[in-house]
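# A look at the structure
If you want the building blocks of each chain, they are given just below.
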Amino acid sequence: MGRIEMILLSRKDILDLDVGIGKIISLVEAGMAEHGRGRVENPPKPGIHATPNSFIHAMPAYFKDLGIGGMKWVAGYPDNREIGLPQIMGTLILNDMKTGAPLCLMDATWITAVRTAAASAVTAIYCARRNSRVLGVVGAGVQGRYNMMALKEVLPSLAVVKVIDVNRGAAESFRRELGERTGVEITVCEDVESVARGSDIIVTATQRLSEPLIRDEWFGKGCLGLGLEIGRAWDGEALHGADKFVTDDWGQAKYFVAQGAFPFGLPSRHLELGRIVTGQEKGREREEERILAINTGLALADVIVANHVYELAKQRGGHQKLTLLEE
Ligand SMILES: NC(=O)c1ccc[n+]([C@@H]2O[C@H](COP(=O)([O-])OP(=O)(O)OC[C@H]3O[C@@H](n4cnc5c(N)ncnc54)[C@H](O)[C@@H]3O)[C@@H](O)[C@H]2O)c1
């Protein structure tokens, strides 16, 4: 019987590899294209729910042509912020697709953060106005921050960011830290209306909400809306009244309806991000179109980024290993 050994990668090991956001965006774009061509097995994520507002999801994906696959096991616990832990935490296992043998176990907290922001950036490449200048961010946490950096990467014309958070301190540190790092002018706003009105792109990245935050009348012509709370932050008129509704996977979006994630239901017409990337469907066609994108988060994005991280880590060597089976 052969020996089975897994590489173990901590968050620090992954960060030391120094994979830039530009590379993550191109990996996620390539992954979405494979999905658009129907070459990825990516079933809707089943979950367990230990508290009323939490989840832990199992997220497998297999790229048929690339021969890579694995699964993320990711938790979302909004109350963790009060005890100094991230809202979103995860681990990911990559497997050898010929034998099924596990190859690598890694932290997936950073991967989740960057691949989600990268999916927003890929959406923006195809669905935002090319000259977008003003970004509104509701929720100055992990996703608010990474979304801003990823959007700036693909839309260098972004020059002004308006931000709000129920925790004023989070919004202030967002302004200080990202203002210095990106050179963008960042203003902390007093209400969501001021963030939303006049923005070319609005990102909502808060938590499981009981009431929507964005009203239809604040969602202006030409705007791209990106809702990360899976349909909870945008009111029914905005969701159903947008000129285009985009999601990363229609099957998973429908699956989430059954879980209560789209309290206003799903629009009857939709576009899929992967099919836009491959040119089978059209993203933005007119300057004044209002496009709302609710990406539900696909395992394929985690797996394609994780595989890149694994290949880099193997080249570098020297990582911890776990022997599962001795020879
Ligand atoms: N779709 C996906 O692929 C995907 C992936 C990761 C995270 N998410 C979702 O993105 C959201 C943000 O995740 P995160 O990791 O950035 O969490 P986080 O805890 O780091 O940040 C959330 C921020 O939102 C703020 N907030 C909460 N309610 C608010 C409100 N009503 N108005 C304004 N601000 C509010 C919090 O104070 C916090 O600063 C969560 O809903 C999470 O489930 C989605």
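All values derive from a computational prediction rather than experimental measurement. (Residues numbered from 1 in each chain as written. Predicted model: local features only at pLDDT ≥ 70, side-chain atom pairs only at ≥ 80, totals over all residues. Heavy atoms only, no water.)

## Some points on the overall build of the chain
Helix and strand counts for the chain stand at 10 helices and 16 strands. Relative to the compact-globule value of 20 Å for 327 residues, the chain shows a C-alpha radius of gyration of 19 Å, a close match. Once the C-alpha set of the chain is aligned to its principal axes, its extents read approximately 65 × 40 × 40 Å. When the 327 residues of the chain are sorted by exposure, 54% land in the buried category. (Helix = DSSP H or I, 4+ residues; strand = E, 2+ residues; numbered from the N terminus. Rg over C-alpha atoms; globule rule 2.2 N^0.38 Å. Buried < 20%, exposed > 50% of the residue type's maximum accessible area, 1.4 Å probe, protein only.)

## Notes on the packing of aromatic side chains
Per the stated rule, a full pass over the model turns up 2 aromatic pairs. Ring geometry for Phe 219 versus Trp 234: centroids 5.1 Å apart, planes at 75°, classification edge-to-face. Taken as a pair, Phe 219 in the loop between β11 (201–204) and β12 (224–227) and Trp 234 in the loop between β12 and α7 (236–241) lie far apart in primary sequence, 15 residues in all. In this structure, Phe 219 and Trp 234 share a single accessibility class: buried. Both rings, one in Tyr 255 and one in Phe 256, keep their centres 6.1 Å apart while their planes meet at 65°; by these two values the pair is edge-to-face. By relative accessible area, which is 6% here, Phe 256 ends up buried. (Phe/Tyr/Trp six-rings, centres within 6.5 Å; stacked < 30°, edge-to-face > 60°.)

## Focus on the site of the ligand
Around the ligand, the surrounding shell holds 23 residues, and the nearest of these are Arg 81, Gln 87, Val 142, Gln 143 and Asp 165. Interatomic distance of 2.9 Å between a backbone N/O atom of Val 142 and an oxygen atom of the ligand. The contact in question runs from a nitrogen atom of the ligand to an N or O atom on the backbone of Val 166, over 3.3 Å. Contact with the protein chains removes 89% of the 860 Å² of surface that the ligand exposes when unbound. Elements that contribute at least two residues to the shell around the ligand include exactly α3 (109–127) and α4 (142–154). Classifying every residue of the shell around the ligand gives 8 nonpolar, 11 polar and 4 charged. (Near = heavy atom within 4 Å. Polar contact = N/O pair within 3.5 Å; in protein donor to acceptor, adjacent residues only side chain to side chain. Areas by Shrake-Rupley, 256 points an atom, 1.4 Å probe, with all protein chains shown as cover. Nonpolar A, V, L, I, M, F, W, Y, C, P; charged D, E, K, R; others polar.)

## Examining the domain arrangement of the chain
Each domain of the chain was delimited in the assignment, giving domain 1 (4–111 + 300–325) and domain 2 (128–297). Here domain 1 and domain 2 have C-alpha centroids that lie 24 Å from each other. The partner domain 2 presents 23 residues to the 26 residues of domain 1 that form the contact. With both sides pooled, the region where domain 1 packs onto domain 2 buries about 1,700 Å², and carbon together with sulfur makes up 60% of that total. Joining domain 1 to domain 2, the criterion identifies 0 salt bridges. Breaking the side of domain 1 that touches domain 2 down by element, the ones donating at least two residues are α2 (21–36) and β4 (55–63). Among the elements that take part in the side of domain 1 that touches domain 2, α2 stands out by supplying 8 residues, more than any other. The class makeup of the residues in the side of domain 1 that touches domain 2 is 12 nonpolar, 10 polar and 4 charged. (Domains from an automatic or database assignment. Contact = heavy atoms within 4.5 Å. Buried area = accessible area lost by both parts, 1.4 Å probe. Salt bridge = Lys/Arg side-chain N within 4 Å of Asp/Glu carboxyl O.)

## A look at the environment of Ile 88
Among the structural elements, Ile 88 can be located in strand β6 (residues 88–96). C-alpha of Ile 88 to C-alpha of Tyr 310: the two residues are 222 residues apart in sequence and 21 Å apart in space.

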